[in-house]
Amino acid sequence: MKWSRVGLLMVVPSVLCLAGELSPSQRLRRLSMHLKGTPPPAAEFEALGGKTALELEAFFREKSRGYLSNPAHVGKMVTRVDELLRLRTLSALPEVNASDPSLPAAEALNMFDLSVIELVKGNESWDRLLRSPAVPVYLGPSVTAGGFTFQSGVDASFLANVFSDLSQKPVGVNFLSLEPSDMRFAGVLTSGRFFSRYSTTNLNKNRGRAAAVFRTFLCDDMRAVVEPSVQEEGELLKKAFPEGGGSADGYHRSLKFADDDRHGSQESCMACHYKLDPLGGAFITSGSTLSDLPAPGALVFRRADNSLVNIPGRGIGEIASTILAQPEYVRCQVTHFWKWFIRADKMPSEARLGELVAEFDRVGRRVNDFIDYLVNEPEFYTEDDLTQATLLHAKPLLQRCVSCHTGLGSQSIPSFVAFPIGGSQKTHEGWIEKIVGRLDLAHDGRGRTMPPKESAWQPSAEDIVILKSWISYRAMDEAGLPSVSQAQANDWLEIAGPITLTPRRTFRRTFRRYVSGQDIFRLLHEKFPSAPFPKAEDLQILSIRNRAVFGDPNPFDGLLVYENVGPGFVKEFGKSVSYFAAADIESGPASYLGAEVLKTLGGAPKEVRWSRIPRNSVRPIIQSLIRRFVDPGQLASPQRVEEALDRFQAKKLQDASVVEALKRMVFLLLMQEEFLAY
Amino acid sequence: MMKRREFVSHATKMGCAYAVATTLPRWAWAAAPTETPHYFVLVRTFGGMDVTLGLDPQILVPGADEKDMFVEYRPDEITETGGLRLAPAAKSLATHAADCLIVNGVMMRRDAGHEVNSAYMISGRGDAKAASVPGELSLARGEGPFGIMSSSGVYSAGKPISVSSTQDLLVQAEGENLPNWVEERLEFLAVEKGTPLELAEQQLVNGKEIALAAQKMVEGFKKEGQTVDARHAIAAALSVGGSRHAQLDLSASLDTHSNHATTHLQAQTQIWEGVAGLFWLFKRIPCGEGSLFDHTTFMVASEWSRTPYLNAAKGKDHNPFTNSVLFAGKGIRKGMVVGKSRLVTRKQTGTLADHIAAPWNYREQAIAQGPQGASFIYPENLVRTLGEIFGNPEGFHPVPSSVPFVAPILK
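Not measured: the values here are computed from a predicted model.

Asks: Lay out the overall build of chain B in plain terms, naming residues and giving numbers.
Replies: Helix and strand counts for chain B come out as twelve helices and 18 strands. Across chain B, every contact between residues at least 6 apart in sequence was considered, and the portion connecting residues at least 24 apart equals 69%.

Asks: Mind laying out the overall build of chain A, listing which residues take part and the relevant values?
Replies: The number of helices and strands found in chain A is 30 helices and eight strands. Looking at chain A residue by residue over its 678 residues, the buried ones come to 41%. Within chain A, residue pairs in contact and separated by at least 24 positions form 63% of the contacts whose partners lie at least 6 positions apart.

Asks: Which residues make up the sheet that holds strand β13 (residues 325-329) of chain B, and what values do they have?
Replies: The strands making up a sheet associate through backbone hydrogen bonding, with each pair oriented either parallel or antiparallel. Residue and element names in this part refer to chain B. Strand order in the open sheet formed by eight strands is β6-β5-β7-β1-β10-β13-β4-β14, and the pairing between neighbours is mixed. The sheet is open, and its two edges are formed by β6 (163-165) and β14 (336-338), each paired on a single side. The average undirected angle you get between the axes of adjacent strands in this sheet is 20°. Bridge count between strand β5 (residues 148-150) and strand β7 (residues 245-249): two bridges; the pairing is parallel. In the sheet register, Ser 150 faces β7, and the bridge partner there is Gln 247.

Asks: An account of the packing of helix α27 (residues 615-629) of chain A against helix α28 (residues 638-652) of chain A is requested, with residue identities and associated values reported.
Replies: Residue and element names in this part refer to chain A. Between α27 and α28, whose axes approach to 10 Å, the crossing angle comes to 130°. In this view, α27 runs oblique relative to α28, as classed from their interaxial angle. The interaxial crossing formed by α27 with α28 has right-handed handedness. Counted together, Val 618, Arg 619, Ile 622, Gln 623 and Ile 626 of α27 and Pro 638, Val 641, Glu 642, Leu 645, Asp 646 and Gln 649 of α28 form the full contact between these two elements. When grouped by side-chain class, the residues that make up the contact of α27 with α28 number six nonpolar, two polar and three charged.

Asks: Can you lay out unusual backbone geometry for me, pointing to particular residues and giving the numbers?
Replies: The peptide bond linking A:Phe419 to A:Pro420 adopts the cis configuration, its omega dihedral lying at -10°. Here A:Pro420 lies in the loop between α18 (391-405) and α19 (425-438). A:Pro451 follows A:Met450 through a cis peptide bond whose omega is -10°. Within the secondary structure, A:Pro451 is located in the loop between α19 and α20 (461-472). Non-glycine residue A:Asn306 carries a positive phi angle of around 75°. A count of 6 C-beta atoms within 10 Å places A:Asn306 in the exposed class. Although it is not a glycine, B:Gln365 sits at a positive phi angle of roughly 50°. As for its placement among the helices and strands, B:Gln365 is situated in the loop between β17 (360-361) and β18 (366-367).

Asks: Could you give an account of the confidence of the model for chain B, with specific residues and numbers?
Replies: Where the model shows low pLDDT, its predicted coordinates should not be examined in detail. Residues and elements named next belong to chain B. Looking at chain B, the pLDDT average stands at 88 and 89% of residues meet or exceed 70. The low-confidence segment residues 1-15, where pLDDT is below 50, has 27 contacts with residues more than four positions distant or belonging to other chains. With pLDDT under 50 throughout, residues 18-34 is counted as low confidence; its partners more than four residues away or in other chains account for 34 contacts. Complex prediction metrics read pTM 0.78 and ipTM 0.88.

Asks: Explain helix α8 (residues 207-218) of chain A to me, and be specific about the residues and the numbers.
Replies: All names here are of chain A. Here α8 contains twelve residues, and its C-alpha end-to-end distance of 15 Å stays within 8% of the 16 Å for a straight helix at 1.5 Å per residue. Where burial is concerned, most of α8 is hidden: nine out of the twelve residues are buried. Arg 207, Gly 208, Arg 209, Ala 210, Ala 211, Val 213, Phe 214, Thr 216 and Phe 217 are the residues of α8 that are buried. Downstream of α8 by a residue or two, Cys 219 has a phi angle that is positive, lying close to 55°.

Asks: Report on the pairing of strand β10 (residues 296-301) of chain B, specifying residues and quantitative values.
Replies: Residue and element names in this part refer to chain B. Burial of β10 is extensive: six of the six residues sit out of reach of the surface. Alternating residues of β10 divide into Thr 296, Phe 298 and Val 300 and Thr 297, Met 299 and Ala 301, and every residue in both groups is buried. Relative to β13, β10 runs antiparallel, the two being bridged by four bridges. Directly across from Met 299, in β13, lies its bridge partner Phe 327.

Asks: How would you explain the confidence of the model for chain A if you had to name every residue and give the values?
Replies: Residue and element names in this part refer to chain A. Predicted confidence across chain A gives a mean pLDDT of 82, with 80% of residues reaching 70 or more. Contacts of residues 1-18 to residues separated by more than four positions or lying in other chains number 64 contacts, the stretch itself having pLDDT below 50. Every residue in residues 245-265 scores below 50 in pLDDT, and together they form 24 contacts with partners more than four places removed in sequence or on other chains.

Asks: Can you explain the environment of A:Glu57? Please cite residues and give values.
Replies: All names here are of chain A. Looking at the element boundaries, Glu 57 is found in helix α4 (residues 53-68). Classification of Glu 57 by C-beta neighbours within 10 Å gives exposed; the count is 12. On a C-alpha basis, the gap between Glu 57 and Leu 159 in space is 48 Å, while along the polypeptide they are 102 residues apart.

Asks: Describe α28(A), and please don't skip the residues or the numbers.
Replies: Given a rise of 1.5 Å per residue, 15 residues ought to cover 21 Å, and the 21 Å separating the end C-alpha atoms of α28(A) matches this to within 8%. For α28(A), the complete set of buried residues consists of A:Val641, A:Leu645, A:Phe648 and A:Gln649. Along the long axis of α28(A), the arc covered by the buried residues comes to 90°, so they all point the same way. Turned more than 90 degrees away from the buried face of α28(A) sit A:Gln639, A:Arg640, A:Arg647, A:Ala650 and A:Lys651, all of them exposed. Tucked inside the fold, the buried residues of α28(A) contact α27 and α29 (658-670) of chain A together with α6 (178-189) of chain B.

Asks: Please give an account of the packing of α20(A) against helix α21 (residues 486-493) of chain A that cites residues and values.
Replies: For any two helices packed against each other, one specifies the crossing angle of their axes together with the interaxial distance. Residue and element names in this part refer to chain A. As a packed pair, α20 and α21 sit with axes 9 Å apart at the nearest point and diverge in direction by 150°. Touching Lys 468, Ile 471 and Ser 472 of α20 are Ala 489, Trp 492 and Leu 493, all from α21. Counted by class, the contact of α20 with α21 contains four nonpolar, one polar and one charged residues.

Asks: Hey, could you go over the environment of A:Thr289 for me, with residue numbers and the actual values?
Replies: Mapped onto the elements, A:Thr289 comes out in the loop between α12 (267-281) and β6 (297-302). C-beta crowding within 10 Å serves as the criterion here: with 15 such atoms nearby, A:Thr289 is assigned to the partly exposed category.

Asks: Talk me through the pairing of β7(B); I want residue IDs and the actual numbers.
Replies: Residue and element names in this part refer to chain B. Among the five residues that make up β7, four are buried, leaving the element largely enclosed by the rest of the structure. For strand β1 (residues 39-44) and β7, the ladder comprises five bridges, and the chain directions are parallel. Considered in β7, the bridge of Val 41 is made with Ala 246.

About the criteria used
- Residues numbered from 1 in each chain as written.
- Chains lettered and ligands numbered in written order.
- Predicted model: local features only at pLDDT ≥ 70, side-chain atom pairs only at ≥ 80, totals over all residues.
- Helix = DSSP H or I, 4+ residues; strand = E, 2+ residues; numbered from the N terminus.
- Contact = placed C-beta atoms within 7 Å.
- Buried ≥ 20, exposed ≤ 12 C-beta atoms within 10 Å, placed from the backbone.
- Pairing = 2+ DSSP bridges.
- Axes fitted to C-alpha atoms, helices over the stretch in contact; angles between N-to-C directions.
- Parallel < 35°, antiparallel > 145°, perpendicular 65-115°, else oblique.
- Left-handed = near helix turned anticlockwise from the far one by under 90°.
- Nonpolar A, V, L, I, M, F, W, Y, C, P; charged D, E, K, R; others polar.
- pLDDT = per-residue confidence, 0-100.
- Expected span 1.5 Å × (residues − 1).
- Arc of directions from axis to C-beta.

What follows is the structure, encoded as structure tokens:
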């Protein structure tokens with residue numbers, strides 16, 4: 001007998017049930033959660049009542065504009081941009097500064113985050129991430145050491161080569177003006193935070209920085225890999241046997257490149273390096289601090305039509321301006337916004353993307369204006385019918401096949417997601433039939449021969465169902481057009497007709513967004529206003545741990561940790577709820593019990609048993625808890641919840657103190673998928 | 001303070017002996033009474049250790065000087081004990097030398113950045129297709145209710161790996177009743193069985209007795225007067241059956257591109273002292289017929305070594321051409337060094353000196369004497385060797401089985 005395969009149990013594909021338009025309360029909650037990270041107040045839910053469809057549209061437009069001016073929206077955008085650039089997200093909420101409310105969190109007082117804050121606060125053009133007329137820098141008090149006086153602040157030393165007069169500047173956020181012709185600056189790319197995240201060496205030659213620029217601003221994701229290579233091993237062996245064999249003559253000449261730049265010269269590597277090296281060159285004068293001299297470089301890449309773009313720049317600033325003029329940049333940025341505000345698992349069609357790009361340009365690429373447009377579009381407040389698997393769902397599984405077959409020593413196969421597979425309808429049908437056969441889909445994968453047993457990835461039972469369902473609906477392409485006949489699908493799968501999926505909720509990528517670590521704190525802070533935040537040391541510890549469990553993107557692939565729920569998530573969330581609830585209930589029990597009930601207890605709620613609560617007061621308390629912690633439209637059946645809490649308190653809480661009982665009931669209410677998703 | 005006898009008694013009850021009790025929940029290792037426990041702990045450091053200061057001590061070869069290799073200790077400062085040779089940073093390992101094996105001359109191929117090379121070292125794959133060894137072992141062998149016990153994030157390569165944090169076990173005060181609350185939640189308000197949230201909750205509930213046992217064990221360490229940290233949490237988690245695989249990140253400022261002299265030595269010394277402390281702790285905890293150490297395979301690694309000479313900033317840069325890995329505990333041959341590295345002087349290269357792995361001949365399972373049949377010991381070979389150490393469990397295939405293992409490492 002083996003240990004339980006805990007991990008495998010977590011593989012649940014993203015299939016969800018809801019279809020059609022969200023209810024007004026669901027839409028309002030989603031809007032608020034997206035833009036502020038917290039649900040709307042009760043009054044806003046109440047304001048939805050009795051409105052006509054037109055009035056509702058106007059209401060939502062007004063709300064989105066209002067939410068976009070909320071400081072929490074700025075904080076959420078800081079986190080989004082941090083994640084986009086694969087920076088460590090802040091352990092505090094970016095918008096909260098405990099010691100000076102006029103400033104963002106102390107951790108956000110750096111050029112990078114300040115640039116994002118100013119951009120979002122001012123509804124500026126998104127382009128300012130790359131080119132801005134001023135650099136926001138937080139400068140602390142002057143410090144004297146070793147006979148020298150200098151300005152403190154995280155970026156003071158980073159900028160010391162460029163601005164010699166920083167010590168004359170006032171304490172606080174300063175905006176250092178730049179000449180339009182200044183080629184040394186390129187927005188967030190020339191910030192201390194970006195430089196330290198993407199450090200460089202003589203060997204690396206700023207390729208990490210260049211790769212981050214391509215990935216973020218042109219959606220060209222080039223990943224460094226270390227793969228076995230016979231050619232490389234030969235070179236390494238020559239290096240290890242300098243005196244050996246017949247390779248001595250000319251050995252050093254032939255390996256000259258290996259000493260300083262082997263990686264950038266191999267043919268397979270050059271597929272990326274022809275792009276990375278010219279852009280990396282524009283960072284070459286700057287190591288860990290910004291140089292006062294711009295370095296020339298170039299923006300080089302091939303367009304989808306294979307035409308070559310090769311535009312030199314006198315410095316990173318000029319290259320940044322060049323990037324802003326590329327259609328690839330605009331499409332890429334629009335895609336980021338789509339993923340943030342619409343959904344990450346389904347991209348817009350080409351036609352729709354074109355419309356979005358036009359709108360992005362029409363609003364002057366202003367960040368909040370474009371978000372305002374997106375969140376009022378139907379894609380934001382409608383859901384797909386996901387009871388049948390589409391290519392969208394099958395795609396990640398099919399890509400696994402392609403990914404492995406292009407790996408170590410395997411036979412190559414055509415792309416399974418470029419239809420028709422193999423280039424013709426005949427080959428397409430042949431490949432689909434092969435997929436069914438190799439995975440033994442007709443028998444739920446029991447006799448499958450692919451992937452091989454030793455493969456690192458094996459499809460789960462749910463993966464098999466997804467593939468079966470997709471093929472059973474005639475293996476439709478992304479446009480929803482069938483690619484095989486129903487008779488073929490039935491024959492291959494040995495079925496009588498299409499296979500309908502059982503809808504499941506999930507924490508994976510779906511249209512339902514799950515609250516991030518920081519949002520959990522925004523939520524809890526709002527639900528428990530008397531709980532100290534964020535001064536208490538233990539809360540900060542919770543926050544840091546919370547980030548570890550929920551927050552940071554995987555530096556390798558950018559995947560967000562919190563998208564994969566596990567016991568760690570339950571623990572950290574549970575502890576956070578426990579902490580906030582205890583502090584809030586103990587400091588203001590009347591708001592939970594009502595003043596009258598509190599008076600009748602005859603003692604402190606921490607010491608008096610729950611059984612002392614008058615029986616006729618229990619149900620109103622429970623109802624008030626539900627009203628307070630559950631938003632309208634959030635739970636499928638509030639009545640069921642009320643009954644469950646009633647049973648729970650009668651069975652479990654009689655010996656608990658009042659505070660303890662309230663904490664446990666609150667926990668029951670909040671530890672719900674409905675609470676954690678929107 | 002708990003007396004030694006009391007501690008032993010306590011640990012016998014709560015340690016590996018506890019893990020084999022038949023009363024454990026279904027998450028636990030049900031076959032334990034007849035199966036010998038075998039745990040795995042990966043100790044990961046980040047930044048790149050100068051192996052010449054730790055596991056791969058160097059004495060300048062004739063004809064070489066400081067511009068070929070900067071060595072900041074005298075030959076008589078190298079510790080030779082238990083079959084190992086240890087440079088000053090690693091001398092704290094001397095008392096454990098007879099239980100360890102060093103692999104020198106591990107070829108990391110190229111510098112693809114700290115993160116990629118680190119992933120390559122701990123997974124055997126530099127293409128993001130395999131999780132780190134604890135993750136792959138966990139997926140193949142099954143895991144306890146805690147999942148992998150780790151002091152930081154576990155490299156998963158996108159695979160569904162369950163992880164618990166050591167910090168969580170060390171600071172339990174506010175979460176002591178959590179499993180009971182979650183159980184109540186499932187009893188009264190779960191809507192449907194089998195959602196990811198509910199599965200995670202169920203996992204937490206099923207492991208609550210084991211969690212209590214682990215907490216008691218940590219309390220035992222405290223009563224002994226020990227300052228508990230992630231190492232204690234890992235020891236407790238493994239002992240009580242909460243986890244089978246763990247990862248400990250030991251951090252120090254190792255990436256010394258400038259001011260390398262003395263600063264790197266100090267940083268690396270901290271790392272090895274931490275490792276020695278881990279071994280000491282595991283050796284003190286009874287498990288079956290021996291100690292927890294005897295039932296655990298350890299691997300200690302960083303992503304690469306450092307260039308042999310000092311750069312213009314008096315630092316040492318990344319050197320992917322050699323690396324060293326420490327193995328200890330169960331399943332390995334002990335008190336020996338496998339593989340080696342060599343210095344190729346600037347006179348030989350015509351440019352800068354190279355500190356490079358000595359090629360390895362897999363047919364002869366020895367250091368290659370010439371180019372014929374020569375390859376290198378790569379991370380994939382070490383991961384493949386770990387597969388052998390763990391009996392090649394079904395489903396453990398981070399690297400293809402055609403990749404040769406390094407036979408001298410095996411017991």
